[in-house]
Structures are given as structure tokens and as C-alpha cells.
Amino acid sequence: PAGKPTLYGSLTRRGLSTEGVPDIAASEGFVVGKVTKKSILVSCPHENVSTKFLAPYTTFCRIHQKSITCLDISSGGGLGVSTSTDGTMKIWQAANGEIRVRLLLEGHVYDVNCCRFFPSGLVVLSGGMDAQLKIWSAEDASCVHGLCFDAGILDTAIVDRGRNVLSCSRDGTARLWDCGKSACLGVIADCGSPVNGIAVGTADNSLNLGTPEKAPSEREIGTEGKILLLAREDKKLQGVGLQSRQPVFLFVGSDAFNCCTFLSSTYILAGTQDGNIYQLDVRNTNAPIQVIHRSGAPVLSLLPYRDGFIASQGDGTCFIIQQDLDYVLDLTEADCDPVYRVASWEKQIYTCCRDGIVRRYQLSDL
């Protein structure tokens with residue numbers, strides 16, 4: 001817990017059972033609970049805390065040659081897409097990591113920072129340091145649309161089914177785009193500081209999202225009642241009415257915000273460079289509901305999962321917190337390499353890492 005000294009201990013493997021399950025002993029103050037081939041439950045009774053360590057079900061080492069900076073899994077769970085510092089973006093089979101050879105998405109110059117599937121699972125949106133947003137067919141790898149920005153794109157979001165998409169940039173702006181006409185529909189926010197991450201969600205009915213100064217374009221689809229979160233480099237987390245372009249709230253954190261997400265229409269999460277995860281109520285952001293701090297490493301990604309969330313950090317930690325579990329679930333094996341992004345499909349969790357490996361975790365036995 002925050003403010004308390006860290007407790008250190010060690011685990012020792014004493015052998016294997018006839019079923020291949022390790023026999024694990026813990027040092028003083030710690031207790032080993034259930035052990036399987038893929039997981040170990042360790043608790044510290046004195047502090048009333050416990051953690052389950054889960055090993056990957058499988059790893060994919062041959063998708064990219066260098067660090068994997070972003071990944072996503074299609075809505076049906078069949079395909080993955082990932083970007084790498086080796087300059088490539090690839091589509092692969094989510095079950096086995098096999099690259100679909102035809103589907104090398106080529107066209108960006110410099111690094112590709114972000115990639116995500118549209119809800120259909122048939123189209124991919126990517127953004128890069130070349131200040132371009134690109135929309136690709138996941139079936140034949142053709143570039144369907146190209147949208148030009150003014151500065152390197154750091155994150156994207158998709159509005160509803162994807163007639164409109166959002167992007168944020170190093171130039172401090174967040175913009176709304178019309179995919180059909182490859183046109184910018186407007187600047188949603190101009191922050192004067194790089195926007196590292198964005199998320200869009202339906203706002204709680206009680207929240208005042210403001211009124212647009214002029215009537216929205218007929219090309220704007222699905223922006224009404226939505227709020228856009230902006231994770232800013234200047235230590236601020238901002239909420240903006242997507243259709244109104246009006247500020248809804250501004251929360252100041254302990255360091256630069258790297259990522260943000262919605263847990264529900266009222267609760268949001270945001271992670272900072274110094275390792276804090278803030279949970280806020282959008283109806284009253286004066287004080288956080290809670291601040292979770294596992295380590296001082298940067299929080300790099302946040303993903304809602306069941307009735308909790310998954311977080312990854314720059315020191316290789318990746319963990320799941322759920323209300324219905326009385327323990328934290330640690331996804332292991334990244335060692336000290338940053339885990340840049342997490343994606344999920346049903347009970348499968350996928351992570352991408354600086355070490356160039358995609359890891360798939362299976363949560364069906366938990």
C-alpha cells in the first residue's frame with residue numbers, strides 16, 4: 001500500500017510433482033497458496049494482501065524484429081495488429097501469432113505510434129510520427145484513406161462504428177475526422193501541450209457537456225452525449241464535450257498523463273509518468289476516488305476489464321485489479337522491459353513489449 005515500506009521476500013522451487021506442478025516455498029512472512037503449471041498465489045497475511053502471478057499461455061516471438069509499440073485484437077478475436085520500431089505494421093492470427101504474409105501495412109514514414117481495429121474487425125486505423133492517420137483494409141492491406149495532420153500523432157479513438165475518428169498529437173490538439181471524405185471536421189481541443197492519450201465515452205446524463213457554438217456538421221456521426229478525455233503532458237487530465245467542444249473538467253495530477261480510459265459513464269482512469277493511476281468520478285473531479293501506486297515506473301496503458309482494469313508500466317509490470325477478486329493478478333515474464341500496450345478478447349489478454357514479444361495470457365482457469 002502507498003506510504004508503507006515495501007516488503008521483500010523470495011520464492012524457491014523445491015521440485016516438481018508427478019503432474020509437472022512446481023513445489024514452491026516462500027520466505028518468512030509470505031505464504032504460498034494454490035500452485036498450477038501457469039500460476040502461483042502468494043499472500044502476506046500480516047498485511048492482508050495477496051497476488052496471483054500468471055505466466056503467459058503462449059508467446060509470439062517472430063511477428064516483429066524489434067520493440068512492439070502498440071497492438072490490438074479484432075472484435076471477433078481472430079486477428080491481431082501490431083506496430084514496431086522496426087518500421088513495420090503487421091496483421092497476424094491471434095491464436096498462434098502467424099503473420100498473414102499478404103497483410104504488411106506499408107505506407108507510413110517514420111515510427112507508427114498507434115494502431116486499432118474498427119468495431120467491424122475488418123478495418124485498421126493507424127497514426128504515426130509522419131503526421132498521418134491511415135485507414136487500412138484488414139482483408140487485403142490496401143490503404144483506404146489517408147488523413148494528414150500537422151504533427152506526430154500519439155493516439156487515436158473511434159467514435160461509435162467508425163464514421164468519425166479522433167486523433168491527438170504532439171502539437172497539443174485533438175481533432176475529429178470524417179473517414180468517408182478524408183476531412184477534418186474540427187479541432188476538439190487545443191491544449192498548448194502534447195496530448196499523449198485520448199479516450200471517448202458516453203457521458204453520465206447528469207453531466208453538463210455544454211452547447212456547440214455552431215450547429216455540428218451533418219458529417220458528424222455519434223458525437224452527441226460523448227465526452228473526450230485528454231491525457232496531457234502538462235500534468236493535466238481534461239474532459240471535453242465532443243459535440244460542443246466545451247471544457248467539462250480539468251484535473252491536475254502529479255506528473256505527465258500518459259493514458260486514460262473509461263470504466264463506466266461516471267468513472268474514469270488515468271495513468272501518469274510517475275506511476276500513479278487516478279480513479280475519478282467525472283461528476284466531481286475535485287478529488288480522486290482513489291490513487292493506485294504499485295511502483296514509480298510510468299503507467300503506459302490502461303484497459304477496462306470485466307469489473308476492473310488492466311494496467312501496464314515501464315518497469316515490465318502488468319497487472320489486473322478486479323472487484324470480485326481478493327487478490328491482484330500479475331502478468332509475468334516481461335522482466336524489466338516496458339509493456340507498452342494491452343488488448344483483450346474475452347478471457348485472452350495480449351501484451352506487447354520492448355523486448356519484441358507478444359504474450360498471450362489465458363484467464364479461463366481463474
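The protein chain goes by Proteasomal ATPase-associated factor 1 in an unreviewed UniProt entry, where it is assigned to Spizaetus tyrannus. For the protein chain, the Sequence similarities (unreviewed entry) comment in UniProt is given as "Belongs to the WD repeat PAAF1/RPN14 family."

Asks: I would appreciate a short explanation of the overall build of the protein chain in the present structure.
Replies: Looking only at helices and strands, the protein chain has 0 helices and 33 strands in total. Relative to the 2.2 N^0.38 estimate, which gives 21 Å for 366 residues, the radius of gyration of the protein chain is 21 Å and therefore close to what a compact globule would have. Based on the C-alpha atoms only, the size of the protein chain along its principal axes is roughly 70 × 50 × 30 Å. Burial statistics for the protein chain: of 366 residues in total, 52% are counted as buried.

Asks: Would you take a moment to explain the environment of H64 for this structure?
Replies: Within the secondary structure, H64 sits in the loop between β6 (58-60) and β7 (68-73). Relative accessible area serves as the criterion here: at 3%, H64 is assigned to the buried category. Along the backbone, H64 and L237 are 173 residues apart, and their C-alpha atoms lie at a distance of 33 Å. The residues touching H64, leaving out its near neighbours within four places in the chain, are S82, T83, S84, D86, T88, M89, K90 and G356. Reaching out from H64, the side chain makes a polar contact with the side chain of S82 at a distance of 2.7 Å.

Asks: I would appreciate a short explanation of the domain arrangement of the protein chain in the present structure.
Replies: It is common to give the size of an interface as the accessible area lost on bringing the parts into contact. We note that the domain assignment places domain 1 (11-52) and domain 2 (59-362) within the protein chain. Once you take the C-alpha centre of each, domain 1 and domain 2 turn out to be 35 Å apart. At the interface, 4 residues of domain 1 touch 5 residues of domain 2. Both faces considered, domain 1 and domain 2 share a buried interface measuring about 390 Å² in area, 48% of it formed by carbon and sulfur atoms. The tally of links from domain 1 across to domain 2 stands at 0 salt bridges. Counting across the interface, domain 1 meets domain 2 through 4 residue pairs in polar contact (both at pLDDT 80 or more). Broken down by element, the residue count for the side of domain 1 that touches domain 2 peaks at 3 residues, all from strand β5 (residues 49-54). Across the side of domain 1 that touches domain 2, the residue classes break down as 1 nonpolar, 2 polar and 1 charged.

Asks: Explain the side chain of D204 to me, please; I cannot follow it from the model alone.
Replies: Looking at the secondary structure, you find D204 in the loop between β19 (195-202) and β20 (226-232). Buried and unpaired, D204 has R283 as its nearest opposite-charge partner, separated by 4.5 Å. In this structure, D204 is in contact with S265, T266 and R283, ignoring residues within four places of it in sequence.

Asks: Help me understand the pattern of salt bridges in this model?
Replies: A pair can form between side chains of opposite charge whenever their charged atoms are brought close. This structure, assessed with the given rule, holds 11 salt bridges. With a closest N to O distance of 3.2 Å, K226 and D160 form a salt bridge. Residue K226 is located in strand β20, and its partner D160 is located in the loop between β15 (153-159) and β16 (164-169); the two are separated by 66 residues in the primary sequence. For D160, a relative accessible area of 43% translates into the label partly exposed. With a shortest N-O distance of 3.1 Å, R354 and D337 are connected by a salt bridge. Linking R354 in the loop between β32 (348-353) and β33 (358-362) with D337 in the loop between β30 (328-331) and β31 (339-345), this pair joins segments that are 17 residues apart in sequence.

Asks: Got a minute to help me understand the environment of N276 in this structure?
Replies: Within the secondary structure, N276 sits in strand β25 (residues 276-281). For N276, the residues in contact, after removing those within four places along its chain, are S254, A270, G271, V291, I292, H293 and V299.

Asks: How should the pairing of strand β13 (residues 132-137) be read in this particular structure?
Replies: Every other side chain in a regular strand lies on the same face of the sheet, so the side chains alternate between the two faces. Counting buried positions over the 6 residues of β13 gives 6, a clear majority of the element. Here β13 shows no split at all, with Q132, K134 and W136 on one side and L133, I135 and S137 on the other all buried. Across 5 bridges, strand β12 (residues 123-128) lies against β13 in antiparallel orientation. Bridged to V124 within β13 is W136. Two successive antiparallel strands, β12 and β13, enclose a turn made up of 3 residues, where A131 displays a positive phi of approximately 65°.

Calculation criteria
Residues numbered from 1 in each chain as written. Predicted model: local features only at pLDDT ≥ 70, side-chain atom pairs only at ≥ 80, totals over all residues. Heavy atoms only, no water. UniProt positions renumbered as here; feature names shortened; annotations may be inferred. Helix = DSSP H or I, 4+ residues; strand = E, 2+ residues; numbered from the N terminus. Rg over C-alpha atoms; globule rule 2.2 N^0.38 Å. Buried < 20%, exposed > 50% of the residue type's maximum accessible area, 1.4 Å probe, protein only. Contact = heavy atoms within 4.5 Å. Polar contact = N/O pair within 3.5 Å; in protein donor to acceptor, adjacent residues only side chain to side chain. Domains from an automatic or database assignment. Buried area = accessible area lost by both parts, 1.4 Å probe. Salt bridge = Lys/Arg side-chain N within 4 Å of Asp/Glu carboxyl O. Nonpolar A, V, L, I, M, F, W, Y, C, P; charged D, E, K, R; others polar. Lys, Arg positive; Asp, Glu negative; His and termini not counted. Pairing = 2+ DSSP bridges.

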